[in-house]
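Analysis of the macromolecular model
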Amino acid sequence: MARFEPAALPELLPVFYRRLFPHGAYGRWLGYGGVVKNYFQLREFSFTLRDDVYVRFQSFGSPQELERELQRTNPYKIDIGAVYSHRPNQHNTVHLGAFQPQEKELVFDIDMTDYDDVRTCCSSAEICSKCWTLMTIAVRIIDRALVEDLGMKHRLWVYSGRRGVHCWVCDDAVRKWSPALRAATVEYLTLVKGGAETVKKVNLSEPIHPFIRRSVSVVEKYFEAYALVGQDILGSPESWDKVLALVPEDIRKPLQGEFPKKRDSVQRWELLKGKMERARQAAAGGKGTPCYADWEIMLQYCFPRLDINVSKGVGHLLKSPFSVHPKTGRISVPLDLQRLDQFDPFAVPTISSLCHELDAAGNDGEQEDGRETEPKRRVRDYKKTSLAPYVRVFEQFVEEMERARRGELLRRSDLQGDF
């Protein structure tokens, strides 16, 4: 893969926006089939330009106008905001208080830095293949809950380009939700609570909610490989003392004496888990209160950590899919949930590698057709590169939304025909 040099961005971005950015599907996504007149025109975009020049309240008359502006300004970053009551680029001309966000996708932002208290391999903005499993677990847990518990259908999961993932829930009804409804959803999806000074951040009690049971089932599939082998959370007295601080004292003390006799984290976990299961069986027989310290440990170390402020604010902006991360050069690409376990953030194409692939493809034997339109040529261009499968995931997401919209329109017309 061609090495990315941040200094090369001004040279590479014009090629990216002209030949690789999926303008067609992007405009269809944010226009939502023209469900509301001027819907696209009321959408806020913000651009981060060279030298950290940040421009908010951009709006465009059509996807084609946005495309031309992207090719003219070549922003280092694109953020997407709400659909407003008035065109965002005219907000200074609107009476004070009248300019208000009307609707926006429900979004989630999961950032690896929020797990720094439970990962040992990396910290801050660093990631590696070991801790990336946390993002896989987060997507699995949140996506299952969105679909099965909350009845949402149209979710676009996106790799941020550096150290996290974003989710865009695009269902028509959800886009109209109030901040209170959005905050309630995040509250439902939150189990890890408390700041750096809080030792025990997950507290479970009977009856255990089905969402928690299903989340534990997801974590269990990854826990041994991720936490016990990859992070070695019971590998030394210092690390296992952090874990045992989450266990009731009557179970903690015997484990502190038995842990040194075990060979590794896996054996120590089996010992801890066995004690917890026997304690629950005893409680079921009427002896004592059920304790779920093993579940609480798994959830504290692996459960998704959401930024409520990103999700609840209708006016909050979030990085656009297919943005270029200016530090890593990686493209913010959609995730294929069918292949989530195989996703490798380090294999995501960079702007440098894509431009190199275009150059290498060169004249691949196809004769340029002078009558060929720009969109057709661009489709052929991106198909020559490793961006192609990610664009296809995005197009399939947009196509599924369009099919659902057509089906709903047919259903409504059939209902009207019954009267």
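Structure: above.
Residues numbered from 1 in each chain as written. Predicted model: local features only at pLDDT ≥ 70, side-chain atom pairs only at ≥ 80, totals over all residues. Heavy atoms only, no water.

1. A look at helix 13 (residues 351-361)
Of all the positions in helix 13, only Ile351, Ser352, Ser353, Leu354, Cys355 and Leu358 are classed as buried. Just downstream of helix 13, Gly362 is the residue with a positive phi angle, here 45°. (Buried < 20%, exposed > 50% of the residue type's maximum accessible area, 1.4 Å probe, protein only. Helix = DSSP H or I, 4+ residues; strand = E, 2+ residues; numbered from the N terminus.)

2. Some thoughts on the pattern of salt bridges
In this structure the tally under the stated criterion is 30 salt bridges. Here Glu402 makes a salt bridge to Arg28, at a shortest N to O gap of 2.8 Å. Pair noted here: Glu402 is in helix 15 (residues 388-417) and Arg28 is in helix 2 (residues 23-31), with a separation of 374 residues, a long-range link. Glu402 sits in the buried class, given a relative accessible area of 18%. The salt bridge involving Arg280 is made with Asp294; its shortest N-O contact spans 2.8 Å. Here the residue Arg280 occupies a position in helix 10 (residues 265-284), and Asp294 occupies one in helix 11 (residues 293-302), the gap between them amounting to 14 residues. Both residues of the pair, Arg280 and Asp294, count as buried. A single salt-bridge network, built from bridges that share partners, covers Arg144, Glu148, Asp149 and Arg214. (Salt bridge = Lys/Arg side-chain N within 4 Å of Asp/Glu carboxyl O.)

3. Some words on the packing of helix 9 (residues 249-258) against helix 10
It is at 11 Å that the axes of helix 9 and helix 10 come closest, and there the two elements cross at 150°. The pairing of helix 9 with helix 10 is recorded here as roughly antiparallel in orientation. When the axes of helix 9 and helix 10 are compared, the crossing they make is right-handed. Each of Ile251, Pro254, Leu255 and Glu258 in helix 9 lies in contact with helix 10, whose residues at this interface are Leu271, Leu272, Lys275, Met276 and Ala279. (Axes fitted to C-alpha atoms, helices over the stretch in contact; angles between N-to-C directions. Parallel < 35°, antiparallel > 145°, perpendicular 65-115°, else oblique. Left-handed = near helix turned anticlockwise from the far one by under 90°. Contact = heavy atoms within 4.5 Å.)

4. Some details on the packing of aromatic side chains
Overall, the coordinates contain 24 aromatic pairs when judged by the stated rule. Their ring planes at 50° and their centres at 4.8 Å tell us that Phe223 and Trp269 sit as a pair that is tilted. You can see Phe223 sitting in helix 7 (residues 210-230) and its partner Trp269 sitting in helix 10, a full 46 residues away along the chain. Grouping residues by exposure puts Phe223 and Trp269 together as buried. Ring pairs connect the aromatic residues Phe16, Tyr17, Phe21, Tyr26, Trp29, Trp168, Phe322 and Phe394, which therefore count as one cluster. (Phe/Tyr/Trp six-rings, centres within 6.5 Å; stacked < 30°, edge-to-face > 60°.)

5. Notes on the pairing of strand 7 (residues 164-169)
By the criterion of burial, strand 7 is predominantly enclosed, with six of the six residues buried. Alternating positions in strand 7 separate into two faces, Gly164, His166 and Trp168 on one and Val165, Cys167 and Val169 on the other, with burial throughout. In this structure, strand 5 (residues 106-111) lies alongside strand 7, joined through six bridges in antiparallel fashion. Paired with Phe108 across the strands is Cys167, a residue of strand 7. Bridge count for strand 6 (residues 155-159) against strand 7 is five bridges, and the pairing is antiparallel. (Pairing = 2+ DSSP bridges.)

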